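Residue-level listing of the chains:
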Amino acid sequence: MTDAGARLAGVAARLRAACARAGRPEDAAAVVAVSKFHGADAVLPALLGGHLRFAESRVQEAQAKWPELRERFPEAELHLIGTLQTNKAADAVRLFDVVQSVDRPKVAAALARAMDREGRRPRCFVQVNTGAEGQKGGIAVDEVAAFVKECRESLELPLAGLMCIPPVSADPAPHFRLLRTLAADTGLPELSMGMSADFETAVAEGSTLVRVGSAIFGPRPPAGPPDRVPPEPPGSGS
Ligand SMILES: *Cc1c(COP(=O)(O)O)cnc(C)c1O
């Protein structure tokens, strides 16, 4: 077994154990393997080992890496977990099966338009800024209910759940608990929460999807330049 394969098996075992400790079914939470910044050569062994759920943070990087892998593994499921620029919404809708980073009204609207045009409807998660961090994307906690309603009723996005990335230095548990409450209040079944360092805590708080990168693929190689985010005109409401 490859290193990544062995580490993936270890993460899966820890996930099942965490589910059991929480009194949840052993398969109550699934692993999304975060392959960002790693090349197709790193991803391939995990696919060959039977893992099918992966996540990328950048549209351009995923476009370079995934089309060939997807041809070989048509049943693979690809998640977008990074900030989406509205001018890449159509590319994202074509390439991804799940968009976890619906983090502002403009992105929601661009995704809705792109889905209508492309005839493809990736499931969506609303990203919530549970730590009210100025530099982090996501819907403010007190705006989640209205935003979810807008996504559902006006935009008809296929909403599956909520996603959060707690502040780096904080105890993540209260953030996970808050996300769970928000999901219950808005009637959304899925909770994407938990990363390499805290996925067991997230499972104890009800996570259904953990996003695990370095615990599977090892340390990330340095990132290339980020996808350029074009400035939004002032007062445009995002
Ligand atoms: C990179 C990333 C992860 C994975 O982080 P690890 O600590 O390597 O597990 C999870 N979620 C998001 C949104 C990320 O950008």
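This text follows the structure it describes.
Now for a look at the structure at hand.

Cut-off values and rules
Residues numbered from 1 in each chain as written. Predicted model: local features only at pLDDT ≥ 70, side-chain atom pairs only at ≥ 80, totals over all residues. Heavy atoms only, no water. Pairing = 2+ DSSP bridges. Helix = DSSP H or I, 4+ residues; strand = E, 2+ residues; numbered from the N terminus. Right-handed = clockwise from strand over helix to strand, strands pointing away. Phe/Tyr/Trp six-rings, centres within 6.5 Å; stacked < 30°, edge-to-face > 60°. Buried < 20%, exposed > 50% of the residue type's maximum accessible area, 1.4 Å probe, protein only. Contact = heavy atoms within 4.5 Å. Near = heavy atom within 4 Å. Polar contact = N/O pair within 3.5 Å; in protein donor to acceptor, adjacent residues only side chain to side chain. Areas by Shrake-Rupley, 256 points an atom, 1.4 Å probe, with all protein chains shown as cover. Nonpolar A, V, L, I, M, F, W, Y, C, P; charged D, E, K, R; others polar.

1. Description of the pairing of strand S3 (residues 77-80)
- As paired strands, strand S2 (residues 53-56) and S3 are joined by four bridges and run parallel to one another. Its bridge partner being in S3, Arg 53 is matched across the sheet by Glu 77.
- For the handedness criterion, the β-α-β arrangement of S2, helix H3 (residues 59-72) and S3 is classed as right-handed.
- Of the pairings in the sheet, the one linking S3 to strand S4 (residues 98-102) comprises two bridges and is parallel in character. Bridge pairing in S4 places His 79 opposite Val 98.

2. Considerations on the packing of aromatic side chains
- Enumeration according to the criterion identifies one aromatic pair in this entry.
- Between Phe 54 and Trp 66, the ring centres sit 5.2 Å apart and the planes meet at 50°, which makes this aromatic pair tilted. In this pair, Phe 54 is assigned in strand S2 and Trp 66 in helix H3, connecting sequence segments 12 residues apart.
- For Trp 66, a relative accessible area of 1% corresponds to the buried category.

3. Remarks on the side chain of Ser 35
- Relative to the assigned elements, Ser 35 resides in the loop between strand S1 (30-34) and helix H2 (40-48).
- Classification of Ser 35 by relative accessible area gives buried; the value is 0%.
- Setting aside chain neighbours within four positions, we find Ser 35 in contact with Val 43, Phe 54, Ala 55, Glu 56, Glu 61, Lys 65, Trp 66 and Phe 217.

4. Notes on the site of the ligand
- With respect to spatial proximity, the complete set of residues near the ligand consists of Val 34, Lys 36, Ile 81, Ile 165, Met 195, Ser 196, Arg 211, Val 212, Gly 213, Ser 214 and Arg 220.
- Here Gly 213 contributes a backbone N or O atom positioned 2.8 Å from an oxygen atom of the ligand.
- For the ligand, an oxygen atom lies 2.8 Å from a polar atom in the side chain of Arg 220.
- If the ligand stood free it would expose 390 Å²; the protein chains cover 88% of that surface.
- Taken together, the residues that form the shell around the ligand break down as five nonpolar, three polar and three charged.

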